[in-house]
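# Chains, contacts and geometry: an overview
Letter by letter, the chains look like this.
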Amino acid sequence: MDCRADGRVVVVTRPRREGTADLAREIASDVFCLGPWGRTQTDVYFVRAGSSWVLIDAGWASDLSRIQRAAASLFGADSRPAAILLTHCHPDHAGSARPLALAWGCAVYMHPDELPLATADFAAMMASAGPLDRYLILPLMRAMGRRRREAVLARSSLGDVACTFEPGADVPGLPGWECVPTPGHTPGHVSYFRPSDRVLITGDAVVTLQVNTWAGLLLQQSGLSGPPWYTTWSPRAARESIGRLARLEPAVLAGGHGRPITGVGTAGAVSAYARSTADQ
Ligand SMILES: [Zn+2]
């Protein structure tokens, strides 16, 4: 489907056959999208790098076998990635990261500011909480009592597979790519950018699904959106990050929810969206 945004053509990428949610498809050279699927229209990305590859984001905990099947079909049954990279450490992006890292014998990398979330540090979770956590989830967890809470937190922790990388240094396992800090949704949220062809993988910093309206969520409507407000730590930082991503003038925009977009109008559409959010 082509749609017009800001007077220019934006192409919404689609699976070759609808309903083939277990097959990753190539959306740019060596970049494969698995998704979107489910109520949250989740995407994860596989990126080939020479003779190796990495996984960017790891879906929900229930997505483990879906991701393993896609990896096997792309790279072979016994293939192991160089690394798992996270855009941020929410349960719809890091849910399967620990079992995948243990099965594949690799580390899960993230921005240093994301580590307290990855290791389920309750005090840090309070400090970086969005409204849903602040007013509902965390008070419920506090009411559980310490022992039960610690058991729940231990189950969600990435534990010793969690590693950090320096944002200005090379991206682990991905030569030719850059890490772009995009804080706001969480303190250590990052996006991944390949300058040679302007491919941009944005996690929840910008998504291609209308996650901030009920109709958009329920009907799974396409369209550029910032991160879901109800799970966003700092709306102001999130708006600044959208501006930073627009200035990269992406040719392919691949978010964590919704169908990636490409086409000559992509950069214009992102920049028009960034301008509209800057006025809010
Ligand atoms: Zn998300």
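Now for a quick tour of the structure. (Residues numbered from 1 in each chain as written. Predicted model: local features only at pLDDT ≥ 70, side-chain atom pairs only at ≥ 80, totals over all residues. Heavy atoms only, no water.)

Time to look at the overall build of the protein chain. Counting secondary structure elements, the protein chain contains 10 helices and 16 strands. What you see for the protein chain is a C-alpha radius of gyration of 18 Å, in line with the 19 Å of a compact globule of 280 residues. Seen through its principal axes, the protein chain has C-alpha atoms that stretch 55 × 50 × 40 Å. Taking all 280 residues of the protein chain together, the buried fraction comes to 52%. Summarising the internal contacts of the protein chain: among those between residues at least 6 apart in sequence, 61% fall at separations of at least 24. Summed over all atoms, the accessible surface of the protein chain reaches about 12,500 Å², with 54% contributed by carbon and sulfur. Between the mean site of the 27 positive side-chain charges and the mean site of the 25 negative ones, the protein chain shows a separation of 5 Å. (Helix = DSSP H or I, 4+ residues; strand = E, 2+ residues; numbered from the N terminus. Rg over C-alpha atoms; globule rule 2.2 N^0.38 Å. Buried < 20%, exposed > 50% of the residue type's maximum accessible area, 1.4 Å probe, protein only. Contact = heavy atoms within 4.5 Å. Areas by Shrake-Rupley, 256 points an atom, 1.4 Å probe, with all protein chains shown as cover. Lys, Arg positive; Asp, Glu negative; His and termini not counted. Charge placed at Lys NZ, Arg CZ, Asp CG, Glu CD.)

Within this model, the largest pocket holds a volume of roughly 1,200 Å³. Lining the largest pocket are 45 residues, and of these Trp60, His90, Pro91, Asp92 and Thr231 lie nearest its centre. Those elements giving two or more residues to the lining of the largest pocket turn out to be helix 2 (91-94), helix 3 (97-104), helix 4 (115-118), helix 6 (131-144), helix 7 (146-156) and helix 8 (214-219). The dominant element in the lining of the largest pocket, judged by the number of residues it contributes, is helix 6, at six residues. For the lining of the largest pocket, the residue count by class is 26 nonpolar, 13 polar and six charged. (1 Å grid on protein atoms, 1.4 Å probe; cavity = no way out; pocket = protein on both sides within 12 Å on 5 of 7 lines; lining within 4 Å. Points joined across faces, edges and corners; volume = space filled by probe spheres on them. Nonpolar A, V, L, I, M, F, W, Y, C, P; charged D, E, K, R; others polar.)

Let us now look at the coordination of the zinc ion. The protein atoms that coordinate the zinc ion are Asp92 (OD), His93 (NE2), Asp204 (OD) and His257 (NE2), at distances of 2.1 to 2.2 Å. Of note is the zinc ion, whose four donor atoms meet at the metal with angles of 88 to 150° in an arrangement that counts as irregular. On the primary sequence, the residues serving as donors to the zinc ion are separated as D-H-x110-D-x52-H. A residue pair is termed long-range when its members are at least 10 positions apart, and Asp92 in helix 2 and His257 in the loop between strand 15 (252-255) and strand 16 (261-262) qualify at 165 residues. (Donors = N, O, S within 2.8 Å, 3.2 Å for Na, K, Ca; no water. Tetrahedral: all angles 85-135°; square planar, octahedral: opposite > 155°, others 65-115°.)

Taken by themselves, the reported measurements are silent on function.
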